[in-house]
Structure formats: structure tokens, C-alpha cells
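Fold and contact review
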Amino acid sequence: MLGRLNSLIQFRHSPSFSSKVLRRQQFFGTKTLCFVGQDQMSSTLEADAESVLRLVTPSLDLKRHKGQAGKIAVIGGCREYTGAPYFAAISALKIGADLSHVFCTKDAAPVIKSYSPELIVHPLLEESYTVSEEERRKLQEKVVGEVDKWIERFDCLVIGPGLGRDPFLLECVSKIMLLARKFNLPFVVDGDGLFLVTNSIDLVNSYPLAVLTPNVNEYKRLVLKVLNCEVDEENPEDQLRSLAKVLGGVTILKKGRSDLISNGEIVKSVSIYGSPRRCGGQGDILSGSVAVFLSWAQQLISGHESLSENPAILGCIAASGLLRKAASLAFTKHKRSTLTSDIIACLGESLEGICPAS
Ligand SMILES: NC(=O)C1=CN([C@@H]2O[C@H](COP(=O)(O)OP(=O)(O)OC[C@H]3O[C@@H](n4cnc5c(N)ncnc54)[C@H](OP(=O)(O)O)[C@@H]3O)[C@@H](O)[C@H]2O)[C@@H](O)CC1
Ligand SMILES: Nc1ncnc2c1ncn2[C@@H]1O[C@H](COP(=O)(O)OP(=O)(O)OP(=O)(O)O)[C@@H](O)[C@H]1O
Ligand SMILES: [Mg+2]
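One structure accompanies this document, and this report is about it. Since this is a predicted model, take the numbers as computed values, not measurements.

What to know about the sheet that holds strand 6 (residues 210-212)
To summarise the sheet geometry, strands pair through backbone hydrogen bonds and adopt either a parallel or an antiparallel arrangement. Pairing is mixed across the open sheet formed by nine strands, whose spatial order is 3-2-1-4-5-6-7-8-9. Looking at the sheet topology across the chains shown, the edges are occupied by strand 3 (120-125) and strand 9 (267-270). Strand after strand, the sheet turns through a mean of 20° between neighbouring axes, direction not considered. Alignment of strand 5 (residues 187-189) against strand 6, held across three bridges, turns out to be parallel. Note on strand 6: the bridge partner recorded for Val189 is Leu212. Strand contacts of helix 10 (residues 236-246): strand 7 (251-254), strand 8 (259-262) and strand 9, with the helix running at about 40° to strand 8, the strand carrying the most contacts.

Brief notes about unusual backbone geometry
Positive phi outside glycine occurs at Ser206, with the angle close to 60°. Within the secondary structure layout, Ser206 lies in the loop between helix 8 (192-199) and strand 6. Looking at Ser206, the relative accessible area reads 47%, which means it is partly exposed. Positioned with a positive phi, Asn228 is a non-glycine residue whose angle comes to about 60°. Considering the arrangement of structural elements, one finds Asn228 in the loop between helix 9 (216-226) and helix 10.

Some details on the pairing of strand 3
Here five bridges tie strand 2 (residues 99-105) to strand 3, and the two strands are oriented parallel to one another. Paired with Cys104 across the strands is Pro123, a residue of strand 3.

Each value, and the rule that gives it
Residues numbered from 1 in each chain as written. Chains lettered and ligands numbered in written order. Predicted model: local features only at pLDDT ≥ 70, side-chain atom pairs only at ≥ 80, totals over all residues. Heavy atoms only, no water. Pairing = 2+ DSSP bridges. Helix = DSSP H or I, 4+ residues; strand = E, 2+ residues; numbered from the N terminus. Axes fitted to C-alpha atoms, helices over the stretch in contact; angles between N-to-C directions. Contact = heavy atoms within 4.5 Å. Buried < 20%, exposed > 50% of the residue type's maximum accessible area, 1.4 Å probe, protein only.

As C-alpha cells, this is what we get:
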């Protein structure tokens, strides 16, 4: 059974599971691979998202302490966008992470704090208009130093929701990405983080713990930059595989009517019926969710040395499946008035329907 699972999701184990993760091997305790259904082991394009959700979601246990179910940090939030980082960070908690941080600009912080007392909000980043040329170098060092104090505690970063495109701010964020790579910390790049990465491919190149979650526009820009061509609508799977391969094995979740996922080797799709509402913010839920499921998958795999699945692919399949289930449930309740916060409110019920807490 393990062999067949491995051949379906042929993942390269990153050499970089941190010692922090290894210390937590016991987290998943007695969970076994009988949670993986038969469909998941077939070689079809469509993933069995429910089986993956059951596989990676840890059971609740009174012996566990705060933090073991995941600590996520979102790097995003600026003067214009405060909703996006909030959606990503709160979704992580609603799914089951223990702690969710947001590193945002100084002026976005009080707004994001006011949305929720659950989030730990760091007013750290600054946009060009608040900093003189002379102050910039010193400030950049301060930002990196501050993130450095926290970074080892996180299981995954989400970089980009509502970040904005201020050049100085993006320069600081590129330093944070380099820091994350130094610590072998997985990160999900979304929204304006993808704008940054598309213009500085080296930030993610050949980093197997990077997950990119582009929407239609973001994907178009990435394909143009990296493959120097237009999006191939006829053969999306092959093009996605090539893109991930050229980027040295990063995982890409291409969002759309069906979500397509590849690490340059395999391609999987998630097409569970979601919702016809396309209100903004659903991609932000997805990025926060990928971070949690990726962390859980990493912990699961580190506890089963015989497994060679790629936690990033499992995280993407699980997050996409859950978001679609929650969007569908929210739509049955709210129809045309369905908003992103309604979908977030359905995350728990949707996950409970697939893997009950008790
Ligand atoms: N509440 C908040 O704070 C939120 C903040 N957000 C943050 O905003 C930042 C920018 O992200 P983004 O997604 O708006 O930018 P981008 O990808 O350039 O798209 C812009 C335009 O592209 C088009 N378009 C989109 N999809 C398309 C499709 N399928 N097919 C065809 N066209 C399509 C469409 O253009 P239109 O139809 O108006 O011409 C759309 O308006 C980023 O930081 C993000 O995190 C969001 O997360 C939302 C919630
Ligand atoms: N045409 C579609 N039909 C069904 N589901 C879709 C469709 N497009 C996107 N989705 C779903 O919505 C999720 C978010 O994708 P979307 O393209 O809206 O991201 P986004 O533009 O980054 O969102 P955001 O507004 O948060 O920035 C995807 O994971 C996918 O499951
Ligand atoms: Mg987006």
C-alpha cells in the first residue's frame, strides 16, 4: 500500500526537514496510512482531496501543547489592503493551527488587530513614503533582525497577501525570503509576493519548500517571465509541470475552475464543486490553508521515515479541497450574498464533515 501511494505522489523528500520538525515526530502518534483511500492511489489527474485531508489532519490529543498544531506567520498587509492578510491568518486558526502571526506595515497593524484579538500582529514593515533615503538601510536591518528573532518558531510563512508593491517594502520582504531559506522554512507565496518573485525568480528558484499559488493573472505573468510564452490553454498540465521544473522543483498551485498542482514531476488537479461566487479574498483563505496543511503534512512525513511524499503537494491538495467544500457550503447558506468571511466561517464545519474531531 505504501509503495502504491509513493508511486502516485512521487515526491522528493527535501533534505531540509528542520530539527525542530524532527523533534515533533511524535505529534501524529498512531496515525496510519489506512486513512488514504483507494482513489488517492490511482494515477488519475484528479486527486482524492478528502483522503488527503484525512491523512494529514492530526487527531486532537490532550497531551499536546500549544504550538504543536502549527504556528503560521503571514507577511502582508499595507495601507490599501488589510483584509487579505487577515483572511489568510484567521483561516489558518480556523482550520486548527495554534498561533497565527501577521507581519505588516505600521499603519495596517491597528486595523488588522481590530478585526481579531486572535491574531498576533507585528507593526514592522514600512513603505517608501514613510522612510527617507538615509533611513532605509538601517530600517531594513531592523526589519530582518526582528523577523530573525521569531522565524525559528514558525512552521510556515505566507508571503504576499495584501503586501502592496512598494519597492522598498518588497526589498525588505525579499530579505525575509532569504532568511526563511536559510532556516529551511517552507513558505507560500501569493498575491503581491508573486509580483516580487516574478521579478526576482532567484528568490524561489530550486527551493523545494516554496509553494506558489498564482491566480489567472499572476500565472500569466509567471509563464511569460519564466517560459517566455503565453499560457497554453490546450495543455495546461504540461505547461505547469514545465514551469515548476524550470523553477527547480518548487510547487505551484495554479488557481482556477480546477486547481492544478505540480512540483515539476507530477501534476494533480482538484475540481470538487465549489461556489459560483468569485468575491475577492478566496485566494487568501487558500494561502493560509496551504501553510497549515503543508506543516501538518511535513510533521506526518517526518514521523514516517519510509514515506517519501512531498508535503507541499499534500498541503496544496488538502487546502484546495477544503476551500472548495467550504465555499460550496457557504453558498448553500448565503447564495448571492456569500462573502469571504462566510466561507471562513464554514471551514470548521467542512473539515469536521471529513475528519471529525472526536
Ligand atoms: N480584501 C482585501 O484586502 C483583498 C486584497 N487582495 C490583495 O490585492 C492585491 C492584488 O491582488 P489581485 O488579485 O487583485 O491582483 P491581480 O491578480 O493583478 O488581479 C487584478 C485584476 O485582474 C483581473 N482578474 C482577476 N482574476 C481574473 C480572471 N480569473 N480572469 C480574468 N481577469 C481576472 C481583474 O480585473 P478586471 O476584471 O477588473 O479588469 C482583477 O480585478 C494582492 O495583495 C491581494 O492579496 C486580494 O487578495 C483580494 C482581497
Ligand atoms: N472559475 C472558478 N470556478 C470555481 N472555483 C474557482 C474558480 N476560480 C477560482 N476558484 C476557486 O477559488 C480559489 C481562489 O482562486 P482565485 O482565482 O479567486 O484567487 P485570487 O484571485 O488570488 O483570490 P483573492 O481575491 O484572494 O486574491 C481557488 O483555489 C479555486 O478553488
Ligand atoms: Mg490573490
